[in-house]
Amino acid sequence: MASGAIFSSLRRRRSPSLEAFLAPVDLFDVALVKTLVSVVNELVSCFSNRVFQFQRKNSRSLIRKVEVFQILLEYLSDSIVFLPPTAVLCLKELYLVLYRSKILLDYCVQSITEGEIFDARSCRTEIEALEEQIVNHEGDVEPTISVLNGLVAMTRYCRFLLFGFEEDELRLKNGSQMKIKNRLITKAIAETFLTVPKDFCCSISLDLMCDPVIISTGQTYERSSISRWVEDGHTTCPKTGQMLGHNRLVPNRALRNLIMQWCIAHGIPHEPPEVIDAMAESFASACLTKAAVEANRATSALLIQQLANGSQAGQTVAAREIRLMAKTGKQNRALIAEAGAIPYLRNLLLSPNHVAQENSVTALLNLSIFDKNKSRIMDEKGCLRSIVDVLRFGHTTEARENAAATLFSLSAVHNYKKRIADKMGAVEALAGLLQEGTPRGKKDAVTALFNLCTHTENCVRMIEAGALTALIGALGNEGVAEEAAGALALIVRQPVGAKAVVKDEGTIAGLMGMMRCGTARGKENAVAALLELCRSGGAAATERVVKAPALAGLLQTLLLTGTKRARRKAASLARVFQRCENASLHYVGLGVGYAFANNSAPTRDTSFTGDVSVPMPISVPVL
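Predicted, not measured: the structure shown is a model, and the values here were computed from it.

*Asks:* I keep staring at the overall build of the protein chain and nothing clicks. Help me out?
*Replies:* When its secondary structure is counted, the protein chain shows 32 helices and 3 strands. Looking at the protein chain residue by residue over its 623 residues, the buried ones come to 48%. Intrachain contacts of the protein chain at a sequence separation of at least 6 include 73% that bridge at least 24 residues. Entry remark: accessible area of the protein chain is about 30100 Å², with carbon and sulfur atoms responsible for 57%.

*Asks:* Can you help me understand a nonpolar patch on the surface in this one?
*Replies:* On the surface, Ile 117, Leu 161, Leu 162 and Phe 163 cluster together into a nonpolar patch covering about 370 Å² of accessible area. With respect to the helices and strands, Ile 117 occurs in the loop between helix H4 (85-113) and helix H5 (120-135).

*Asks:* Sorry if this is basic, but what is going on with the packing of aromatic side chains here?
*Replies:* Aromatic ring pairs are reported here in terms of the distance separating the ring centres and the angle at which the planes meet. Summed over the entire model, instances satisfying the criterion amount to 1 aromatic pair. Plain terms: the ring middles of Tyr 95 and Tyr 99 are 5.2 Å apart, the flat faces sit at 50° to each other, and that makes the pair tilted. Here Tyr 95 pairs with Tyr 99, and both are found in helix H4, just 4 residues apart, close to one helical turn. Each member of the pair, Tyr 95 together with Tyr 99, is buried.

*Asks:* So what exactly am I meant to see when it comes to the nonpolar core here?
*Replies:* The nonpolar side chains of a soluble globular protein tend to be buried, and buried together. Within the largest apolar cluster, 107 residues are counted, with the highest numbers of intra-cluster contacts made by Leu 471 and Leu 551. For this core, the element with the highest residue contribution is helix H27 (residues 520-546), accounting for 11 residues. Within the second largest apolar cluster, 25 residues are counted, among which are Ile 63, Val 88, Leu 94 and Tyr 95.

*Asks:* I tried to follow the pattern of salt bridges on my own but got confused; where do I start?
*Replies:* Side chains that differ in sign of charge can pair as their charged atoms come close. Tallied over the entire structure, the rule returns 16 salt bridges. When the shortest N-O distance is used, the salt bridge between Arg 385 and Asp 389 registers 3.3 Å. One end of the pair, Arg 385, and the other, Asp 389, are both in helix H17 (residues 383-393), 4 residues apart, so they sit about a helical turn from each other. Judged by relative accessible area, Asp 389 falls into the partly exposed class, the value being 23%. Asp 422 serves as the salt-bridge partner of Lys 418, at 2.7 Å between the closest nitrogen and oxygen. Here Asp 422 and Lys 418 lie together in helix H19 (residues 414-422), a separation of 4 residues that amounts to about one turn. Bridged by salt links that share partners, the residues Arg 124, Arg 156 and Glu 321 form one connected network.

*Asks:* Help me understand the state of the cysteines in this model?
*Replies:* Inspection of every chain in the model, using the stated rule, returns 0 disulfides. Here Cys 158 stays free of any disulfide, with the sulfur of Cys 123 as its closest cysteine sulfur at 7.4 Å.

*Asks:* Teacher, can you tell me more about the side chain of Glu 401 here?
*Replies:* By the element assignment, Glu 401 lies in helix H18 (residues 397-410). A polar atom in the side chain of Glu 401 sits 3.2 Å from the side chain of Arg 440. In contact with Glu 401, not counting residues within four places along its chain, are Leu 433, Thr 438, Arg 440, Gly 441 and Asp 444.

About the criteria used
- Residues numbered from 1 in each chain as written.
- Predicted model: local features only at pLDDT ≥ 70, side-chain atom pairs only at ≥ 80, totals over all residues.
- Heavy atoms only, no water.
- Helix = DSSP H or I, 4+ residues; strand = E, 2+ residues; numbered from the N terminus.
- Buried < 20%, exposed > 50% of the residue type's maximum accessible area, 1.4 Å probe, protein only.
- Contact = heavy atoms within 4.5 Å.
- Areas by Shrake-Rupley, 256 points an atom, 1.4 Å probe, with all protein chains shown as cover.
- Patch = residues over 30% accessible without salt bridge, like charges linked within 9 Å, V, L, I, M, F, W, Y side chains within 5 Å.
- Salt bridge = Lys/Arg side-chain N within 4 Å of Asp/Glu carboxyl O.
- Phe/Tyr/Trp six-rings, centres within 6.5 Å; stacked < 30°, edge-to-face > 60°.
- Core = buried A, V, L, I, M, F, W, Y, C linked by side-chain atoms within 4.5 Å.
- Disulfide = S-S within 2.5 Å.
- Polar contact = N/O pair within 3.5 Å; in protein donor to acceptor, adjacent residues only side chain to side chain.

The values reported here are purely geometric and, on their own, carry no functional implication.
Dropping the structure here:
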C-alpha cells in the first residue's frame, strides 16, 4: 500500500515529461554519449548535495549509482568514435532510466517541501486528491481502486486520531463567507456572454453537458438527452445515424473533467450529476478491503464520540466528515448509522451555527439513501419534525434545499408518505420552495411533492397546503415542468383534486403548452393529466377540456409522433371526446391518428407507474 501511495501521489502532482518515455531517435555514437553526459551531470548537480528526509537511504544509493555512470560516460565521450548497434540500444535505455530517476528524486525532494502531511488541512487535501483519483480511475492503471479506497480510509482515520477535531472556527466561517462571495462572483460572470466550446455541448439538447456519456458508436451526449432518445424508441445514433450495438452508456470522465475545469476558469455554474450511478456505487463498495472497512468503522466511532461530547467547532467538523463519508458507498452509510450517528445529527439540526446545520441535514440526506437508514431516521423521535423545521426556517438556502431532498428520499417508502404530508408545515414549505427557490431547490421540492402525491390519502392535504397552486405555476418552468405535470396527473385522479384543478384558469392552458413544446416525457405527463381530469372531474371538467380550440391538433400530433405511452394516452383521450355530445365538431381530423393508436390502449390503465413518467434524482451535494 505504501508503494501505491507513492505512485498515486507522484502521478497526481505532475505528469512526467515526454523524455521519460521517449528515447532520442536521431542521436548515435558520440552525440548520444555527450547527451547522456549532459543529462547525468544535471542530475548529479541537482541532487548530490540535497538532504533527503523521505526515502533518504534509497535516494543516496541512487545518486551514488548515477555518479558511477557519470565517470563511465565522461570516459566514453573522450575515447569512443563508433558504437555497435547493441551499445547504442543500451545507452538509449540508460537515457530513459536517468530521466525516470530524476523524476523519482524530484518527487522525494518535493514530498518534504510541499507534500508532507503535517496537519488536519493537509490530510483533508490528500483525501480529496485520492477521492478524485478514484472517480477518474482507469481500470488498467495502478494502484487499484481497492488500494486507493484503503488509503482514503486510513488517512481519514489518522487525520482525527493524530490531529483531533478542533479547527479554526474563524476559518470555517470565512470559508462560508468566501463561498457566498464566490457565488456572487460566479453569478456576475455567468451573466456575461461566453462562447462555449462546441465539443462541450450535447448535439441533442445543444446545452453544456453536465454528465457526458459515450454510446456504442463512439459519440458523446448528455446522459439525460440520449436516455430520452432511446426511451422514445430510437435505435440509431442521433448524430451519425448508425445502428446502436447496445444501450450501455459509458461515462466520459475525461470530457467531464475538461468541462468542469473550463467552467471553473470562466466562473460558470456547473452542477454535477445528481443521480449516483448504481454500478459505480456497487463497484466502489465491492472494492473496499477489510482494512478499509475497519478503518471506516473506527473513524465512525471517533466522529460520533465528537458529536456527543465535543465543542461546537468539533461537532461541526464531525458532521462535515460524516457528510463526506456518507456521500458514496452503502457500507459507509450502514456503518455510520449502526454506530449511532442519527440521534446526534438530529440534535445538530437545531444548531444556531449555519455550517453545522448544513452539514447535519446533508449528512442525514446522504445516510437516507441507504434503505435501512430510512426507518432509523423516521423512527428517531423528533427527527422528522426537525428536518421539516430546517426546510421551513433553515439558516441557509442549501440547508433548506437538502431538507427537501431528504423528505423526497424518505418518501420513497410508501408508508412514510402520509406521515410526512401530515407533519405541520411540510407541504407548505415544499410548495414555497417550488415557487421561490433556486433551480436546484425547485427540483428538490417538486420531486418531493410528486412522491407525496402518489399516496391517495394526501390529495386533500396537498390542496389545502397550496401545493396544487405551486404545481400549476411550475408548468411554465422548463426545469420542473415534467414532474409538476406528473404530480397533477396523480392529484386529479381524485374527484376533489379534479374539481380544484378545474377552478384554476391556467391549468389546461399550461398542460397544452407542455403538449406543444415540452419534452417527450413532459408531453406524456401533460396528456395523462388531461385524461385523468376528464375521467375524474365529470361533465364540467370534460367540457372545459373539449372546448380548448388548439387541443385537436396537439392530440393529432401526439397520436402520430408521440412516444408509445403518449400515443396510448392521446388515444384514450380521443375516445373520451368521441363519446361527448358534439365532440366531432371540435375534433374533426382525429380519425387517422386515432385509428393508428386505437389498438394500443383498448382499456383504461389503473396503475400509477403506467400513467406518469418522472425521473427521480436524489441530490447528494459534495461540498
